[in-house]
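# Structural description and commentary
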Amino acid sequence: MLLSTKILVSCIALILSGCYSIKMVKLGTVIKDNKTIEVPATGFSTMDIKSALAQDGWKIKVANENVQRNRLDSSNPKIDAKNQYDAGYRLLISESVRNNQWVIGISASVIDNKTNDEIFNMYCDSKGLGGCFPDDVAMELVKELKTIEK
């Protein structure tokens, strides 16, 4: 009886903990001397991601989509009239949430603000009933960004 209870508890914990997989694409490099990044102000995983980035030496700036921006470096005046970034990079985050409690998917894209090129993309997908753990995803994001620093 005791063994079957332990097995049942283990199975329930595994289902609720939400095993997950991470897929990523590295398309560019991070310039070590310009580790400034605009990050969305809110979101389930945003606080963990900001914390992990700050611990790795990134200067965090809050993205404000309501502000008219002009890019600092561009030969295209149409782009200059739309986007201004005072950070080297920007982070776009998309989350899928179940019942306003569980993050079941996190997609993160890091974009170079000078070239507007995507340099890194990562997707975390929950495999259980629980969800992804934003702190684990944040640490994985920082670890992988470190591998493309130059």
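Heads up: these notes are all about the structure in this document. Everything quoted here is computed from the prediction, not taken from an experiment.

This brings us to the overall build of the chain. Across its full length, the chain holds four helices and six strands. Ordering the α and β elements of the chain from the N terminus gives α-β-β-α-β-α-β-β-β-α. Here the contacts in the chain between residues at least 6 apart in sequence split such that 60% fall between residues at least 24 apart. Approximately 9000 Å² of the chain is accessible, and the part contributed by carbon and sulfur atoms is 56%.

Where two aromatic rings form a pair, the distance of their centres and the angle of their planes describe that pair. The full count for this structure, using the stated rule, is one aromatic pair. With a centroid separation of 5.7 Å and 75 degrees between ring planes, the pair formed by W58 and Y89 is classed as edge-to-face. Note that W58 is positioned in the loop between α2 (46–55) and β3 (59–63) and Y89 in strand β4 (residues 89–98), a separation of 31 residues in sequence. A residue is classified by how much of its surface remains accessible, and W58, at 4% relative accessible area, is buried. Note on Y89: relative accessible area 1%, which makes it buried.

Glancing now at helix α4 (residues 134–147). With 14 residues, α4 extends 20 Å from end C-alpha to end C-alpha; this agrees with the ideal 20 Å at 1.5 Å per step. What α4 keeps buried is the set P134, V137, A138, L141, V142, E144 and L145. Along the axis of α4, the buried positions cluster into a sector of 165 degrees, meaning they face one direction only.

Rules behind the numbers
Residues numbered from 1 in each chain as written. Predicted model: local features only at pLDDT ≥ 70, side-chain atom pairs only at ≥ 80, totals over all residues. Heavy atoms only, no water. Helix = DSSP H or I, 4+ residues; strand = E, 2+ residues; numbered from the N terminus. Contact = heavy atoms within 4.5 Å. Areas by Shrake-Rupley, 256 points an atom, 1.4 Å probe, with all protein chains shown as cover. Phe/Tyr/Trp six-rings, centres within 6.5 Å; stacked < 30°, edge-to-face > 60°. Buried < 20%, exposed > 50% of the residue type's maximum accessible area, 1.4 Å probe, protein only. Expected span 1.5 Å × (residues − 1). Arc of directions from axis to C-beta.

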